[in-house]
Amino acid sequence: MSAVTVRVPAKVNLQLAVGPLREDGYHDLVNVFHAVSLFDEVTASEPADGDAGEAPLRVRVEGESAGEVPAGDDNLAVRAARALARWAGRSYRADLLIRKSIPVAGGMAGGSADAAAALVACNELWGLGLPLGDLMEIGADIGSDVPFALLGGTAVGTGRGERLTPLPTSGVFHWVFALAGGGLSTPRVYGECDRLREEAGGPVPRPTASDDLLAALRKGDPHALGRALTNDLQPAALELRPALAATLDAGRVAGALGALVSGSGPTCAFLAESAEHAAALAKSIEVADDCRSAVTASGPVPGASVAG
Ligand code: C5P
């Protein structure tokens, strides 16, 4: 096999409960992940013969905000491929091509998705045959959201978000995502969350999963799910980017069943009743000042998988 293409979904957090800051700089989470049909594609191919002596892993990025993605050794897909080669104990070469549709630094785990896709693509290209569990373990060291991008579906993550339990769901949920210009730095948003909590005083409760949310997912009830969506990072994201409040309001006024900042933002997520409702909502949300474009998607969808 000389080239492998993998398609990988974005995620939205249906519940993001953030515990106190840990000594290692992370926070304990209860993180309900939901994979949605906004996809990046990563192709891993064997470098041409004449390229001997070049860097063993090279990357090129195309598409949505490609210029904002690091194209060197810092690229998460390159780091993932390198970690995989190290795990397998041999040196390997690959050219990686990332085609982006997931917003960059948008709170939808686009970087983690590319890392997950690179793990699946290189596992196949190099004929390693590692099971999903091994790829998830390698991925957890690259980023907290990488294991979920491999798993897909709907799942609850605990620890720093990387310890996953799949959740039973019924039916299909329809979403609108309001993409903003530019991104928000995840560490900065967590830092702002800590600062706001310190300012408010009082203890930070241990994160626990919402029973209402889990019941809504099991039943496939979008109205109940819309009421149960929560994100502890939302106040911090709104503090750093106040214009997002108007985007959320535009969706609520237009009849979204639920509206929240996705992960650390600045993408905002809106739950709709049906695909038609999502298309109509997208038109109303797109006029908000801080909304670059509004796209529709559905979930849950499978994790990183070989295309075709
Ligand atoms: O693991 P990942 O690299 O995706 O995390 C990015 C940043 O988000 C971390 O450096 C940390 O600042 C913050 N984070 C956190 N607690 C978590 C996950 C991420 O504070 N559970």
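Located above this text is the structure these notes cover.
Conventions used here
Residues numbered from 1 in each chain as written. Predicted model: local features only at pLDDT ≥ 70, side-chain atom pairs only at ≥ 80, totals over all residues. Heavy atoms only, no water. 1 Å grid on protein atoms, 1.4 Å probe; cavity = no way out; pocket = protein on both sides within 12 Å on 5 of 7 lines; lining within 4 Å. Points joined across faces, edges and corners; volume = space filled by probe spheres on them. Helix = DSSP H or I, 4+ residues; strand = E, 2+ residues; numbered from the N terminus. Nonpolar A, V, L, I, M, F, W, Y, C, P; charged D, E, K, R; others polar. Pairing = 2+ DSSP bridges. Buried < 20%, exposed > 50% of the residue type's maximum accessible area, 1.4 Å probe, protein only. Contact = heavy atoms within 4.5 Å. Core = buried A, V, L, I, M, F, W, Y, C linked by side-chain atoms within 4.5 Å.

We now examine empty space enclosed by the protein. Evaluated as defined, the whole model comprises one cavity of 30 Å³ or more. Considered as a void within the structure, the largest cavity measures approximately 40 Å³ in volume. Residue lining of the largest cavity: P9, A10, K11, A35, A109, D145, F148 and A149, and that is the complete set. If you list the elements that add at least two residues to the lining of the largest cavity, you get β1 (3-21) and α4 (146-151). With three residues, the single largest contributor to the lining of the largest cavity is β1. In terms of residue class, the lining of the largest cavity is built from six nonpolar, no polar and two charged.

So, about the pairing of strand β6 (residues 163-166). Sheet analysis places strand β5 (residues 154-158) next to β6, joined by four bridges and oriented antiparallel. Looking across to β6, one finds that G157 is bridged to L164.

Here we take up the side chain of S112. By the element assignment, S112 lies in helix α2 (residues 110-125). For S112, a relative accessible area of 10% puts it in the buried group. When sequence neighbours within four positions are dropped, the list of residues in contact with S112 reads L76, D145, V146 and A149.

This part takes up the nonpolar core. In terms of nonpolar packing, the biggest core is built from 77 residues, with L14, W126, W175, F177 and L225 touching the most fellow members. Apart from the residues lying within four places of it in its own chain, the contact partners of L14 are V32, H34, T154, W175, L213, L217, L225, A228, L229, T230 and L260. The next biggest cluster of nonpolar side chains, apart from the first, holds 27 residues, and it includes A178, A272, L281 and I285.

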